[in-house]
Structures are given as C-alpha cells and as structure tokens.
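Residues per chain, in single letters:
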Amino acid sequence: MFATVLIAAFTLATVATVLVLADSGLRWWSAFGLLRQRMKQGYATAGVGQRPSIVTGSANGFGRQSRAYPVIRQVSQRAA
C-alpha cells in the first residue's frame, strides 16, 4: 500500500515537473518568435540609444545611493 502511494507521489511530481518545463519552453519559444518578428520589421535596429547600466532610485528599497565620501580611504592607524 505504501509503495503504491509513493509511486503515485513520484508520478505526480514528475508530471508537474514536465508541465512546468513545457510551459517555460513555450514561453521562451514565443519570446524568441516575437523577437525574430520584430527584427524582421526593423524594430530591434531602431536607434534607441544606450541604456544606463545602473538604475538609481528603485522602488524596492535596494537601489544604489550616491555617497558623499570616497569609497577608498586611507587607514588612520598602523597595524601593531
């Protein structure tokens, strides 16, 4: 009885894993299809300009803050 329940649980986990991977694969396939379509239309080659590498002031509270002091400082005491 326990073996049947264990096999059913593993089978259910395998089916769930396959479904999640298939969904992810279809999303990637769709995204690349959309990208190919936009590249054929010339959307990707439009002059957008460079994006900034660091975005400041994010809403999640983990954005980089500007510092008023230099990052590298001299050590004020010598090692004994």
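Look a little higher up for the structure.
Residues numbered from 1 in each chain as written. Predicted model: local features only at pLDDT ≥ 70, side-chain atom pairs only at ≥ 80, totals over all residues. Heavy atoms only, no water.

Draft legend 1. Examining the overall build of the protein chain more closely. Per the secondary structure count, the protein chain includes 1 helix and 0 strands. Out of the 80 residues in the protein chain, the part that is buried amounts to 1%. By element, 63% of the accessible surface of the protein chain is carried by carbon and sulfur atoms, the whole surface being about 8,400 Å². (Helix = DSSP H or I, 4+ residues; strand = E, 2+ residues; numbered from the N terminus. Buried < 20%, exposed > 50% of the residue type's maximum accessible area, 1.4 Å probe, protein only. Areas by Shrake-Rupley, 256 points an atom, 1.4 Å probe, with all protein chains shown as cover.)

Draft legend 2. Geometry of the packing of aromatic side chains. In this structure the tally under the stated criterion is 1 aromatic pair. For the cation-ring pair, R36 lies above W29, with the distance from its terminal atom to the ring centre recorded as 6.0 Å. (Phe/Tyr/Trp six-rings, centres within 6.5 Å; stacked < 30°, edge-to-face > 60°. Lys NZ or Arg CZ within 6 Å of the ring centre and 35° of its normal.)

Draft legend 3. Summary view of a nonpolar patch on the surface. A cluster of nonpolar side chains, contributed by W28, F32, L35 and M39, occupies part of the molecular surface with about 460 Å² of accessible area. Structurally, F32 is set in helix α1 (residues 2-41). (Patch = residues over 30% accessible without salt bridge, like charges linked within 9 Å, V, L, I, M, F, W, Y side chains within 5 Å. Salt bridge = Lys/Arg side-chain N within 4 Å of Asp/Glu carboxyl O.)

Draft legend 4. Representation of α1. Under the 1.5 Å per step criterion, the end-to-end length of α1 is 59 Å for 40 residues, consistent within 8% with the ideal 58 Å. At the exit of α1 stands G42, carrying a positive phi of roughly 90 degrees. (Expected span 1.5 Å × (residues − 1).)

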